[in-house]
Amino acid sequence: MATHNPFAMFAPQPVGVRFENQEEGEKIILLLRAHIVTLIPAVLTTIFLVVGPIFVPRLLTLANIDLTDLLRGGRLFLITLFWYLVTFGYAFYKFVFWYFNVYLLTNERIIDFDFRGVLHKEISYATLLHIEDVEPKTVGFFGTFFNYGDVFVQTAGTRPKFEFEKVPRPDAVAEAILDEARKEEAEAPGEIA
Amino acid sequence: MPIDDLTNGLQVILGVKAFFVLFLIFFAIFALILFRQIQLMGRSLPTVINPYLAFVAILHLGVSLALLFVVIGVF
């Protein structure tokens, strides 16, 4: 069953998604992002930043601080615009960070797109033949309640361990990886199917 | 208004302006890097919403720069 939702966090056979260095015949079996619940702290912070300025005049009045002289001539408008620009920048950055931190399982390999901060981008690949062990792990109240967790993939490649962080349905992910690895082992060397 | 009060008021405004200008310079650099990252990640992982993300990032950068110039000129 193909997934059409571009924001899906667990997307089997996503439609309209490709990646750099994708080989001919290589198909994306599963696309994963961190569970949407992991965005709750960022959403709460954004809500706080959005409603914050509403309370500032009351707090200033309570503290007997009068800024009417300073905030004349459109300055208040500029400060408000500045505040909401920064708020939007924060929310947008958090969303982009979530959106591009993607894990892919193809019929040939697993790929980890890491976008850790604005100055750090890392893409790691491991072929399915190099996978030695897959370990799903669900920890904590939220992890158990919303069914998300980490999937550790032990490989024999240059990068010994892949970590799919906070992905939904870690058991199903581990099963899908092992399933594809088994299929890959059954193929003739160099075959892409 | 006594001359001392006027001087103090001007100093506060200049201090606030310097803070905003400096912050907006860094913010514009942040917006530029974010735009560049979206472009690069869009090349690595093209999806249907990448053009929209890039558009929003350009808008974000544009508004940051516009606000920087307005603050330098008007504030």
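Anything mentioned here points back to the structure above.
Residues numbered from 1 in each chain as written. Chains lettered and ligands numbered in written order. Predicted model: local features only at pLDDT ≥ 70, side-chain atom pairs only at ≥ 80, totals over all residues.

Asks: Would you explain the packing of helix α1 (residues 40–62) of chain A against helix α2 (residues 75–100) of chain A in this entry?
Replies: A pair of packed helices is captured by two measures, namely the crossing angle of their axes and the spacing between those axes. Residues and elements named next belong to chain A. α2 packs onto α1 with a crossing angle of 175° between their chain directions and a minimal axis gap of 10 Å. Between α1 and α2, the angle is such that the two are roughly antiparallel. For the pair formed by α1 and α2, the contact residues are A42, T46, L49, V50 and P53 on the first element and T80, W83, T87, Y90, A91 and K94 on the second. Of the residues contributing to the contact of α1 with α2, the split by class is seven nonpolar, three polar and one charged. (Axes fitted to C-alpha atoms, helices over the stretch in contact; angles between N-to-C directions. Helix = DSSP H or I, 4+ residues; strand = E, 2+ residues; numbered from the N terminus. Parallel < 35°, antiparallel > 145°, perpendicular 65-115°, else oblique. Contact = placed C-beta atoms within 7 Å. Nonpolar A, V, L, I, M, F, W, Y, C, P; charged D, E, K, R; others polar.)

Asks: What should I look at first to understand the pairing of strand β3 (residues 102–106) of chain A in this one?
Replies: Looking down a regular strand, the side chains alternate between one sheet face and the other. All names here are of chain A. Across the five residues of β3, five count as buried, placing the element largely inside the fold. In β3, alternate side chains face the same way, and those of V102, L104 and T106 on one face and Y103 and L105 on the other are all buried. Bridge count between strand β2 (residues 28–32) and β3: four bridges; the pairing is antiparallel. The partner of I28 across the bridge, within β3, is T106. Note that β3 and strand β4 (residues 109–115) share four bridges and pair antiparallel. Residue pairing in the sheet places Y103 in a bridge with D112 of β4. In this antiparallel pair of consecutive strands, β3 and β4, the connection spans two residues. (Buried ≥ 20, exposed ≤ 12 C-beta atoms within 10 Å, placed from the backbone. Pairing = 2+ DSSP bridges.)

Asks: For this particular structure, what's the right way to read the sheet that holds strand β7 (residues 148–155) of chain A?
Replies: Residues and elements named next belong to chain A. The three strands lie next to each other as β6-β7-β8, forming an open sheet whose pairing is antiparallel. Pairing within the sheet leaves two strands with one partner each, and these edge strands are β6 (131–137) and β8 (161–168). Going from strand to strand, the sheet's axes swing by 15° on average, the running direction of each strand aside. In terms of strand pairing, β6 meets β7 through six bridges, oriented antiparallel. The partner of P136 across the bridge, within β7, is V151. With respect to the sheet, helix α4 (residues 170–186) is in contact with β6, β7 and β8, its orientation differing from that of β6 by roughly 165°.

Asks: Help me understand the packing of α2(A) against helix α2 (residues 50–73) of chain B, please; the structure alone is not making it clear to me.
Replies: Put simply, α2(A) and α2(B) touch, their axes get as near as 11 Å, and they point 155° apart. When the axis of α2(A) is compared with that of α2(B), the two are roughly antiparallel. Note that α2(A) runs across α2(B); the crossing there is left-handed. When α2(A) is examined against α2(B), the residues A:L78, A:L81, A:F82, A:L85, A:F88, A:G89, A:F92 and A:V96 are found in contact with a partner set consisting of B:L53, B:V56, B:H60, B:V63, B:S64, B:L67, B:V70 and B:V71. Grouping the amino acids of the contact of α2(A) with α2(B) by side-chain chemistry returns 13 nonpolar, three polar and no charged. (Left-handed = near helix turned anticlockwise from the far one by under 90°.)

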